[in-house]
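# Tertiary structure, described
For reference, the chains in residue letters:
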Amino acid sequence: VATADGISIGGVRLSNTSNRLAAMASASLGLGKQLIATVCEGNLNEINVTGDKGQVFIYSILNKAVLVVVTRETPNVAMVNWESHKAVKELSAIL
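Residues numbered from 1 in each chain as written. Predicted model: local features only at pLDDT ≥ 70, side-chain atom pairs only at ≥ 80, totals over all residues. Heavy atoms only, no water.

## Focus on helix H2 (residues 77–94)
- Taking 1.5 Å per residue as the helical rise, H2 with its 18 residues ought to reach 26 Å, and the 26 Å between its terminal C-alpha atoms agrees with that figure.
- Of the positions making up H2, those classed as buried are Val80, Asn81, Ser84 and Val88. All buried residues of H2 project into a common sector of 90° when viewed along the axis, lining one side. Of the residues in H2, the exposed ones pointing more than 90 degrees away from the buried face are Ala78, Lys89, Glu90 and Ala93.
- On its buried side, H2 packs onto strand S2 (46–51), strand S3 (54–61) and strand S4 (65–71). (Helix = DSSP H or I, 4+ residues; strand = E, 2+ residues; numbered from the N terminus. Expected span 1.5 Å × (residues − 1). Buried < 20%, exposed > 50% of the residue type's maximum accessible area, 1.4 Å probe, protein only. Arc of directions from axis to C-beta. Contact = heavy atoms within 4.5 Å.)

The structure is reproduced here in structure tokens:
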């Protein structure tokens, strides 16, 4: 979990790259929001980035924070989204 401006504020697996991941996720979410607003005239809820060794899911939390979920190569995407949406709802109540 990170602030909307990219500062890591918590997580399950914090490491020396947590701050970098938080900053990149927040920047990606900001760029995605601009893209959706320009092209689709709507609001962005989440981003999914897929690589050959894993996926990164980025979720907006009330435009105040960001939830980042990193998976291995073949995640159960439906389960990741279901659990993440539950977490976003719970975190929204706290923020």
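On we go from here.
## Considerations on helix H1 (residues 18–39)
- Its 22 residues give H1 an end-to-end C-alpha distance of 31 Å, which sits within 8% of 32 Å, the value for a rise of 1.5 Å per residue.
- If you check which residues of H1 are buried, you get Ser18, Ala22, Ala25, Ser26, Leu29 and Gly32. Down the axis, H1 shows its buried residues gathered within 125° of arc, on one side only. Exposed and oriented more than 90 degrees from the buried face of H1 are Asn19, Arg20, Leu31, Gln34, Leu35, Thr38 and Val39.
- Looking at the packing, one finds that the buried side of H1 touches strand S1 (2–3), S2, S3 and S4.
- The first or second residue beyond H1 is Glu41, which carries a positive phi of 55°.

## A word on the pairing of S2
- Two elements, S2 and S3, share six bridges in a ladder whose sense is antiparallel. Opposite Asn48, over in S3, you have Phe57 as the bridge partner.
- What sits between S2 and S3 in their antiparallel hairpin is a turn of two residues. (Pairing = 2+ DSSP bridges.)

## Examining the confidence of the model for the chain
- Taken as a whole, the chain shows an average pLDDT of 90; of its residues, 97% reach a score of 70 or greater.
- Per-element confidence in the chain ranges from a low mean pLDDT of 90 for S1 to a high of 95 for H2. (pLDDT = per-residue confidence, 0-100.)

## Points about the pattern of salt bridges
- Applying the stated criterion across every chain, the model contains one salt bridge.
- A salt bridge links Lys86 to Glu83; the shortest N-O distance between them is 3.6 Å. You can see Lys86 and its partner Glu83 sitting in helix H2, three residues apart, about one turn around the helix. (Salt bridge = Lys/Arg side-chain N within 4 Å of Asp/Glu carboxyl O.)

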